[in-house]
Amino acid sequence: MNDITRYQPVNLANFEKLPQFARVPADIVRDIRVVGSVLPFKSNNYVVERLINWDDIPNDPMFQLTFPQRRMLSEAHYEAVAACLDRGASPEELRGVVNEIRLELNPHPAGQLEHNVPIVDGERMRGMQHKYDETVLFFPSQGQTCHAYCTYCFRWAQFVGMSDLKFASREAHRLAAYLVDNPQVSDVLFTGGDPMVMRSKLIAAYVDALLEANPPNLRTIRFGTKALAYWPQRFTSDADAEALLDVFSRIIASGRQVALMGHFNHVVECSTPEVRAAVKAIRSRGVNIRTQSPVVAHINDDSAMWAEMWRTQTQMGMIPYYMFLARDTGPQDYFKVPLWRAHRIFTTAYRHTSGLCRTVRGPSMSTTPGKIAVDGVATINGEKVFVLHFVQARDPEWVNRPFFAKFTKDACWLDDLEPAFGESEFFFEARLRDLLDQDDLEAERLSAEA
Ligand SMILES: *Cc1c(COP(=O)(O)O)cnc(C)c1O
Ligand code: SF4
């Protein structure tokens, strides 16, 4: 495990063999076994050797970020699984109990999977999502996993990898055709999971197909990735690191911009020699790195940490971009941060950074109608309200228009909010219903034809 030039996953089957676990109390080991049987668990040798502070277990943020924690499950769920393990239940029995719990946790984020799937020649384009005019999301099927799993992540239902080069180029050609047909699109965002878990050959197959089609409207290719934080060697010492940097160079040579959307939860992740070398290597090819992260309890609900993270990133030549609110699914109770607190963390941090760090936006929730930022809490005509605005919206007319919700201390997500000033619904709701109905009708029509 000490050799961090070769990637090695840490998981339920092998974590107890880590030398670091010799000092970890038995009840914490048991919690990992129990909770890790239900929620996906993967860390790796770099995270373990470089990022986790083993003198501060269980509170260390990086430990909280990749190792399952007892309170991520309800007491009843925890006891049910623990009882199975204690009595040495058969694998089938354990699987039954675990599957039941997983169904109850319902990991499907509302409106994300069914909606916004583009249609070409009457066929729904799986692996693509087009919600905001300018940007198409592309989920290469081989990129639906990560170098480690964040404990708060809601994507675990879709973590299944597969497939080959031929499939990749077929998918990429469909994406290119879609871009040619949709001149309003300027950005493609490769996302996952983490597209950087793919070998460079495969990433090249996707990108080169796009560059070959050369859609004149395509200005920027983005890659959403957590690899800078979880496996920066992807960009430096991995066998095909150079080939990946060459892909970036080819995009830039075509006259386009490459933006790496680096997901960092904590300043620790920006602090190792490995990540510094990776940032340097990427930037040397002319690639811009923008950074984003959700604000999550037990991991980074601390304004001083955010300020230091944004300063460090800016110093390294990265551009702070978004602070997100964690989605309301999965083990949300353990990780949730109320809106008013998220806003306070953001604002306190923002106030103590130079203007160069203030490219960051947020705190923002990615909801069915769009990305909604919490601008603050105000009292208007005696009513205490949240002031909100859309940073991105399903209907561009909604963007940058202030709107108001009744203040409540417990609200963590749009679903918890009600319109202020006695209004019966938010200004966007009627139109949103129309848009979703259209989408449903189209989907129904296609499945009826199929
Ligand atoms: C965040 C997001 C984008 C990109 O939005 P930007 O503000 O341009 O970064 C695109 N599509 C979806 C569905 C998103 O959630
Ligand atoms: S890196 Fe992103 S997709 Fe992967 S586990 Fe973390 S939050 Fe989920």
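Parameters at a glance
Residues numbered from 1 in each chain as written. Chains lettered and ligands numbered in written order. Predicted model: local features only at pLDDT ≥ 70, side-chain atom pairs only at ≥ 80, totals over all residues. Heavy atoms only, no water. Near = heavy atom within 4 Å. Polar contact = N/O pair within 3.5 Å; in protein donor to acceptor, adjacent residues only side chain to side chain. Areas by Shrake-Rupley, 256 points an atom, 1.4 Å probe, with all protein chains shown as cover. Helix = DSSP H or I, 4+ residues; strand = E, 2+ residues; numbered from the N terminus. Nonpolar A, V, L, I, M, F, W, Y, C, P; charged D, E, K, R; others polar. Buried < 20%, exposed > 50% of the residue type's maximum accessible area, 1.4 Å probe, protein only. Contact = heavy atoms within 4.5 Å. Phe/Tyr/Trp six-rings, centres within 6.5 Å; stacked < 30°, edge-to-face > 60°. Salt bridge = Lys/Arg side-chain N within 4 Å of Asp/Glu carboxyl O. Axes fitted to C-alpha atoms, helices over the stretch in contact; angles between N-to-C directions. Parallel < 35°, antiparallel > 145°, perpendicular 65-115°, else oblique. Core = buried A, V, L, I, M, F, W, Y, C linked by side-chain atoms within 4.5 Å. Left-handed = near helix turned anticlockwise from the far one by under 90°. Domains from an automatic or database assignment. Buried area = accessible area lost by both parts, 1.4 Å probe.

Around ligand 1 sit Q129, K131, Y132, T135, L137, R222, Y321, Y322, R361, K371 and Q392, and that is every residue in its neighbourhood. Contact between ligand 1 and R222: an oxygen atom at 2.8 Å from a side-chain N or O atom of the residue. Between ligand 1 and Y321 there is a distance of 2.6 Å, counted from an oxygen atom to a side-chain nitrogen or oxygen. Burial of ligand 1 by the surrounding chains reaches 87%, relative to a free accessible area of 380 Å². When contributions to the shell around ligand 1 are tallied by element, the ones reaching two or more residues are β5 (128-132), β6 (135-138) and β11 (319-325). Per-element tally for the shell around ligand 1: the top contributor is β5, with three residues. Split by residue class, the shell around ligand 1 holds four nonpolar, three polar and four charged.

What follows deals with the side chain of T135. For T135, the location among the structural elements is in strand β6. Classification of T135 by relative accessible area gives buried; the value is 12%. Excluding its chain neighbours within four sequence positions, the residues that come into contact with T135 are Q129, H130, D187, L189 and R222.

Attention now goes to the packing of aromatic side chains. Per the counting criterion, the structure on display carries 34 aromatic pairs. Summarising the aromatic geometry, the rings of F138 and F190 are spaced 5.4 Å apart at their centres and angled 85° between planes, so their arrangement reads as edge-to-face. Remark: F190 occurs in strand β7 (residues 187-190) and F138 occurs in strand β6; sequence separation between them is 52 residues. We note that F138, like F190, is buried. For the pair W398 and F428, a centre-to-centre distance of 5.7 Å together with 45° between the ring planes defines the contact as tilted. Pair noted here: W398 is in the loop between β14 (383-393) and β15 (403-406) and F428 is in the loop between β15 and α14 (429-449), with a separation of 30 residues, a long-range link. Given the relative accessible area of 2%, F428 is considered buried. Aromatic rings pair up to connect F15, F21, F41, W54, F63 and F67 into one cluster.

To continue, consider the pattern of salt bridges. In a structure, side chains of opposite charge can pair up when their charged atoms sit close to one another. For the coordinates displayed, the defined rule picks out 21 salt bridges. Here D395 and R431 are joined by a salt bridge, their closest N and O atoms 2.8 Å apart. Taken as a pair, D395 in the loop between β14 and β15 and R431 in helix α14 lie far apart in primary sequence, 36 residues in all. Residue classification places R431 among the partly exposed positions, given a relative accessible area of 37%. Members of the salt-bridge network, linked through shared partners, are R199, R234, D238 and D240.

The subject of this paragraph is the environment of N45. Within the element layout of this structure, N45 appears in helix α2 (residues 45-51). You can call N45 buried: its relative accessible area is 0%. N45 sits 185 residues away from Y230 along the chain, and the two C-alpha atoms are 9.5 Å apart. A polar atom in the side chain of N45 sits 2.8 Å from the backbone nitrogen of Q8.

Here we come to the packing of helix α1 (residues 26-36) against helix α4 (residues 75-86). Between two packed helices, what matters for the description is the angle formed by their axes and the separation of those axes. Put simply, α1 and α4 touch, their axes get as near as 9 Å, and they point 105° apart. For the element pair α1 / α4, the angle class is roughly perpendicular. Between α1 and α4, the residues in contact are R30, D31, R33, V34 and V35 and Y78, V81, A82, L85 and D86, respectively.

Below, the discussion takes up the nonpolar core. If you look at the biggest cluster of nonpolar residues, it comprises 128 residues, and the most contacted ones within it are F67 and F223. For this core, the element with the most residues is helix α7 (residues 200-213), which contributes eight residues. The contact partners of F67, leaving out residues within four places of it in the chain, are V10, F15, F21, I32, F41, S43, V48, I52, W54 and T151.

A separate point is the environment of I289. Tracing the backbone shows I289 in strand β10 (residues 288-295). Under the relative-accessibility criterion, I289 is labelled buried at 0%. Excluding anything up to four places from it in sequence, I289 contacts L228, L260, V279, I282, R283, M318 and I319.

We now examine the packing of helix α11 (residues 303-315) against helix α13 (residues 339-351). Interaxial distance between α11 and α13 falls to 8 Å at its minimum, and their mutual angle equals 45°. If you check the angle between α11 and α13, you find them oblique. Regarding α11 and α13, the two cross each other, and that crossing is right-handed. Facing α11, whose interface residues are S303, W306, A307 and W310, α13 presents I345, F346, T348, A349 and Y350. Looking at the contact of α11 with α13 residue by residue, the class counts come to seven nonpolar, two polar and no charged.

Let's shift gears to the side chain of S200. Position of S200 relative to the elements: it lies in helix α7. Assessed through its relative accessible area of 2%, S200 is described here as buried. Setting aside chain neighbours within four positions, we find S200 in contact with R234, D240, A243, L244 and V247.

On domain assignment, one finds that the protein holds domain 1 (9-103), domain 2 (112-363) and domain 3 (367-450). Distance from the C-alpha centre of domain 2 to the C-alpha centre of domain 3: 25 Å. Buried surface at the junction of domain 2 and domain 3, both sides included, amounts to about 2,300 Å², of which 61% is carbon and sulfur. When the area that domain 2 buries against domain 3 is broken down by residue, the three leading residues are Y132, L339 and W340, summing to 28%. Across the domain 2-domain 3 interface, the total number found is zero salt bridges. On the surface where domain 2 and domain 3 come into contact, there are seven residue pairs in polar contact (both at pLDDT 80 or more). Elements that contribute at least two residues to the side of domain 2 that touches domain 3 include exactly β5, β11, α13 and β12 (361-366). Here the residues of the side of domain 2 that touches domain 3 sort into 11 nonpolar, seven polar and eight charged.

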